[in-house]
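Results of the structural survey
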Amino acid sequence: MTGILRTLPLFALLLLAACGVKTAGPTVSERETAAEAEMQRRTVVEVQDAHERQFHRVANRIRRANVPLCGEKLAPSIGLRVANLDLYDADWRDAHAAVRGLDSRLRVTSVFEDGPAHRAGIVEGDVIKSVAGRPVPEGKGALKAFGESMDALDPAAPFELVYERDGVDHKVELAFETVCAPGLMVRNEGVVNAFASDRDVFVTRGMLDFVKSDDELAVVVGHEFAHYAMLHIENSRSRAGVGLVADVLVAVLTGVSSNVFSSVGAGMYSLEQEFEADYVGAYMARRAGYDPSVAVGLWRRMSVSGAAYIDKDSSSHPSNAERGARFKEIVAEIDAKLERGEELLPEMKE
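The notes below deal with the structure included here. (Residues numbered from 1 in each chain as written. Predicted model: local features only at pLDDT ≥ 70, side-chain atom pairs only at ≥ 80, totals over all residues. Heavy atoms only, no water.)

Here the focus is the sheet that holds strand β11 (residues 200–204). The strand order across the open sheet built from three strands is β9-β11-β10, with neighbouring strands paired in mixed fashion. Where the open sheet ends on each side, the last strands, each with one partner, are β9 (183–187) and β10 (194–196). Strand-to-strand twist across the sheet, computed as the mean angle between neighbouring axes with direction ignored, equals 20 degrees. Looking at chain direction, β9 and β11 are connected through five bridges and run parallel. Considered in β11, the bridge of M185 is made with F202. Sheet contacts for helix α2 (residues 30–65): β9 and β11; angle to β9, the most-contacted strand, approximately 155 degrees. Sitting on the sheet, helix α7 (residues 214–229) is in contact with β9, β10 and β11, with an inclination near 20 degrees to β10. (Pairing = 2+ DSSP bridges. Helix = DSSP H or I, 4+ residues; strand = E, 2+ residues; numbered from the N terminus. Axes fitted to C-alpha atoms, helices over the stretch in contact; angles between N-to-C directions. Contact = heavy atoms within 4.5 Å.)

In this structure, F55, I62, V221, F225, M284 and F327 are the most contacted members of the largest nonpolar core, which totals 44 residues. Of all the secondary-structure elements, those providing two or more residues to this core are α2, β10, β11, α6 (205–210), α7, α10 (270–287), α11 (295–305) and α12 (320–340). In terms of residue count, the dominant contributor to this core is α7 (eight residues). Discounting residues that sit within four places of it in the chain, I62 has contacts with A218, V221, G222, F225, M284 and A288. Membership of the second largest hydrophobic core comes to 20 residues, among which are I78, V172, L174 and F176. (Core = buried A, V, L, I, M, F, W, Y, C linked by side-chain atoms within 4.5 Å. Buried < 20%, exposed > 50% of the residue type's maximum accessible area, 1.4 Å probe, protein only.)

Turning our attention to the pattern of salt bridges. In this structure the tally under the stated criterion is 24 salt bridges. Across the pair E38 and R41 runs a salt bridge, and its minimum N-O distance is 3.4 Å. Pair noted here: E38 and R41 are both in helix α2, with a separation of three residues, about one helical turn. The buried category is assigned to E38, whose relative accessible area is 15%. (Salt bridge = Lys/Arg side-chain N within 4 Å of Asp/Glu carboxyl O.)

Turning next to the packing of aromatic side chains. Taken as a whole, this structure holds three aromatic pairs when the rule is applied. Arranged with centres 4.7 Å apart and planes meeting at 15 degrees, the rings of F195 and F202 form a pair that is stacked. The exposure class assigned to F202 is buried, which follows from its relative accessible area of 13%. Centre to centre, the rings of Y279 and Y283 are 5.3 Å apart; their planes meet at 80 degrees, and the pair counts as edge-to-face. With Y279 and Y283 both in helix α10, this residue pair falls four residues apart, about one helical turn. Pair check on accessibility: Y279 and Y283 agree, each one buried. Directly above the aromatic system of Y228 lies the positively charged group of K73, at a separation of 3.7 Å from the ring centroid. Of note, R326 hangs over the ring of F275, and the distance from its end group to the ring centre comes to 3.4 Å. (Phe/Tyr/Trp six-rings, centres within 6.5 Å; stacked < 30°, edge-to-face > 60°. Lys NZ or Arg CZ within 6 Å of the ring centre and 35° of its normal.)

The N-to-C vectors of α7 and α10 enclose an angle of 120 degrees; their axes lie 7 Å apart at closest approach. As far as their axial angle goes, α10 and α7 are oblique. Handedness of the α7/α10 crossing: right-handed. Facing A218, V219, G222, H223, F225, A226, H227 and A229 of α7, the residues of α10 in contact are Q273, E274, A277, D278, V280, G281, M284 and A285. When grouped by side-chain class, the residues that make up the contact of α7 with α10 number nine nonpolar, five polar and two charged. (Parallel < 35°, antiparallel > 145°, perpendicular 65-115°, else oblique. Left-handed = near helix turned anticlockwise from the far one by under 90°. Nonpolar A, V, L, I, M, F, W, Y, C, P; charged D, E, K, R; others polar.)

Between its terminal C-alpha atoms α7 stretches 21 Å, which fits the 22 Å expected from 16 residues at 1.5 Å a residue. Of all 16 residues that make up α7, 14 are buried, and the element is covered over most of its length. Count one or two residues on from α7 and you reach L231, which has phi positive near 65 degrees. (Expected span 1.5 Å × (residues − 1).)

Of note in the backbone geometry, D114 takes a positive phi value of approximately 70 degrees without being a glycine. With respect to the helices and strands, D114 occurs in the loop between β3 (107–111) and α4 (116–119). You can call D114 partly exposed: its relative accessible area is 41%.

To continue, consider the state of the cysteines. Counted according to the given criterion, the structure contains one disulfide. Here C70 engages in a disulfide with C180; their sulfurs sit 2.1 Å apart. One quick way to see it: the torsion about the S-S bond of C70 and C180 is about 100 degrees, and its sign makes the bridge right-handed. One end of the pair, C70, is in the loop between α2 and β1 (74–77); the other, C180, is in strand β8 (residues 177–180), and 110 residues separate them in sequence. (Disulfide = S-S within 2.5 Å.)

A few words on the pairing of strand β7 (residues 168–174). In this structure, strand β6 (residues 159–165) lies alongside β7, joined through seven bridges in antiparallel fashion. In the strand pairing of β7, E164 is matched with D169. Where β6 folds back on β7, the antiparallel hairpin that results is connected by two residues, among which D166 adopts a positive phi of roughly 55 degrees.

What follows is the structure in structure tokens.
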């Protein structure tokens, strides 16, 4: 037994040698690895910044152009985005500073064409100093303070905004414009998807990678804006509520609990809602100056990664083939209205 124990260290060494590599490649220091990590973070920030710029650029054109289609779901806007380094984790701040020029002050990161801020001469990089006399602090509370100051304003009245550029303060008078109300959110997910809630429109980074142009993105965003504007989310909740009442009655009468009716209620007309979102969304995209005819090619490319849905409906979405075919007719309808000089409004049921 003692002899066996003595041979164990030798056996362990032989085992490690058998598992080892056979080449002697170069090694790197922790400093070199850390430097490469920082460069990779900068690459991530560059791509994410490009994604968010494209999404907000396209979505804001759609927001401004489709006020007549958004009913009462409207909001005031001055047409800019702001940020500072304190919005990001400490490990990522150097990358955001290097790529986007951010620091602790609240800076303008996007100005949307023809919006109030653009017309007032505000540009990217300007530092927001005060809103209607209320100072905007630096650091962690900057964005919250700016938001609270904006929320306190009368949307119908102009206000003074002070910004700094190259060390010099500038005062401008801004007036809100009215736009479609949903918030705009990018989700850090690789799946190709977009969706709407009753408050926001979301796209994933996977979708932003997938689309090949602003026109394609406008078709996607217009579709989600249409879900929002046509009250599809609220209607789905209402149908689910009616179904829940039916389920309760079934339980009372039979003693058996069920969610059959509420499930059916929540899914009722979902295919029709998807068709309507395609239809109204195409109008929304065209009203904003985008070309919805690209939707045909977009759905063909969608089928490459989901060939099962070329001919098959899901429980809530039409087949890709039917959607592509319908888009051809939708575009023909829109083009005919343009030729006749008619206002671009979808046909509504009487």
